[in-house]
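Given next are the chains, with one letter for each unit.
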Amino acid sequence: MDASRYFTAMHNAMSAQHPHAQLLLTVKLQDTCGNDACLELKQLPGENTSILCYSTMGRRCLNFQLFRKGWQLCHNADGQLVGRFPSSADGLIDETDFRAYCREDRLDLARTQRILSELRALAGADHQGSIPQNARTGAVITVESFVGAGARWIYWSQGPAPSQPLSAILYWLADFLAGSERRALQADPQAAHLAAQWLASDTAVFFHPSVPLTAMGPAASGAAAAVSRSRSAHTSPARNKSWQSILAVMASM
């Protein structure tokens, strides 16, 4: 399966899960080895939080799944050949439920507002970076924003990033990925530093999104107040495991 079909299939699968959601941001990571990833950040009508949908299988793994689907279509339950293997990948794609390869997580209000604010500031700032023709490592990253006037950024993962705020947003979202896809989006130490600063400034909101400060216990409210007084204060232990990579960076500062 080529990259174009992979991303189209994943987009259709993600759109089918939330047909009335507003698309905020798309991220396409095309690896030279087929370890692709597709992410879409969207908002449901009337909600202030956001949903992150992402694929859990790259193009290389989907090629195997399509071959498996083709084998099933031309064999019966006993393994006997009862038909011909499909001659076109289009038929296999139509027979495959790509929603099985999609996952989703909800981002809280604070993270959603931060991302929307940064995307509004970057609206209209399109970027087309230099993509090497014969690269053996790295990945092409394509990011498209639908916030405000929108913007589109295309660049090589091992080249200069279009902007640090955009790289920090991708650093956050990559926490939901794994393997080479995650490493490609979290390779910039400056982006890690900025993401850690954002996290440190809003720790009380991130870890207590629905509990007012006055309703916390004495220990919790005291810790949250300390964070709000100084960004250099030590961060409370994370209750959300998806933030461990950022907190690990903070601990080393």
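Preceding this section is the structure that the text describes.
Basis of the calculations
- Residues numbered from 1 in each chain as written.
- Predicted model: local features only at pLDDT ≥ 70, side-chain atom pairs only at ≥ 80, totals over all residues.
- Heavy atoms only, no water.
- Helix = DSSP H or I, 4+ residues; strand = E, 2+ residues; numbered from the N terminus.
- Buried < 20%, exposed > 50% of the residue type's maximum accessible area, 1.4 Å probe, protein only.
- Contact = heavy atoms within 4.5 Å.
- Areas by Shrake-Rupley, 256 points an atom, 1.4 Å probe, with all protein chains shown as cover.
- Salt bridge = Lys/Arg side-chain N within 4 Å of Asp/Glu carboxyl O.
- Phe/Tyr/Trp six-rings, centres within 6.5 Å; stacked < 30°, edge-to-face > 60°.
- Expected span 1.5 Å × (residues − 1).
- Polar contact = N/O pair within 3.5 Å; in protein donor to acceptor, adjacent residues only side chain to side chain.
- Axes fitted to C-alpha atoms, helices over the stretch in contact; angles between N-to-C directions.
- Parallel < 35°, antiparallel > 145°, perpendicular 65-115°, else oblique.
- Nonpolar A, V, L, I, M, F, W, Y, C, P; charged D, E, K, R; others polar.

1. Examining the overall build of the protein
Inference 1: Counting its regular elements, the protein contains ten helices and seven strands.
Inference 2: Across the 253 residues that make up the protein, the buried fraction comes to 43%.
Inference 3: Within the protein, residue pairs in contact and separated by at least 24 positions form 66% of the contacts whose partners lie at least 6 positions apart.
Inference 4: Just so you have it, the protein exposes about 13300 Å², and 51% of that area is on carbon and sulfur atoms.

2. What about the pattern of salt bridges?
Inference 1: Tallied over the full model, the rule gives six salt bridges.
Inference 2: The shortest N-O distance in the salt bridge between Lys42 and Glu40 comes to 3.5 Å.
Inference 3: Looking at Glu40, the relative accessible area reads 2%, which means it is buried.
Inference 4: Ionic pairing is found between Glu47 and Arg106, a salt bridge with its closest N-O pair at 2.7 Å. On the criterion of sequence distance, the pair formed by Glu47 in the loop between β2 (37–43) and β3 (50–55) and Arg106 in strand β4 (residues 102–107) is long-range, its members being 59 residues apart.
Inference 5: Given the relative accessible area of 32%, Glu47 is considered partly exposed.

3. Regarding the packing of aromatic side chains
Inference 1: Counted under the stated rule, the structure contains three aromatic pairs.
Inference 2: Between the aromatic rings of Tyr6 and Phe7, the centroid separation amounts to 5.1 Å while the plane-to-plane angle is 70°, which identifies the pairing as edge-to-face. Taken individually, Tyr6 and Phe7 each receive the classification buried, so the pair is uniform in this respect.
Inference 3: When the centroid spacing of 5.3 Å and the interplanar angle of 70° are considered together, the rings of Trp172 and Trp198 count as edge-to-face. You can see Trp172 sitting in helix α5 (residues 164–173) and its partner Trp198 sitting in helix α7 (residues 189–201), a full 26 residues away along the chain. An identical accessibility class is assigned to Trp172 and Trp198; each is buried.

4. With respect to helix α4 (residues 109–122)
Inference 1: With 14 residues, α4 ought to run about 20 Å at 1.5 Å a step, and its terminal C-alpha atoms sit 20 Å apart, in line with that.
Inference 2: Within α4, the full set of buried residues consists of Ala110, Arg111, Thr112, Ile115, Leu116, Glu118, Leu119 and Leu122.
Inference 3: The N-cap residue of α4 is Asp108: its side-chain oxygen and the backbone nitrogen of Ala110 are 3.2 Å apart.
Inference 4: Directly after α4, the chain includes Gly124, whose backbone phi takes a positive value near 85°.

5. Details of the packing of α5 against α7
Inference 1: Their axes nearest at 8 Å, the elements α5 and α7 cross at an angle of 75°. Overall, the two elements α5 and α7 adopt an arrangement that is roughly perpendicular. Residues Gln164, Pro165, Ser167, Ala168, Ile169, Tyr171 and Trp172 of α5 touch α7, and the partners they reach there are Gln190, Ala191, Ala192, Leu194, Ala195, Trp198 and Leu199.
Inference 2: Classifying every residue of the contact of α5 with α7 gives eleven nonpolar, three polar and no charged.

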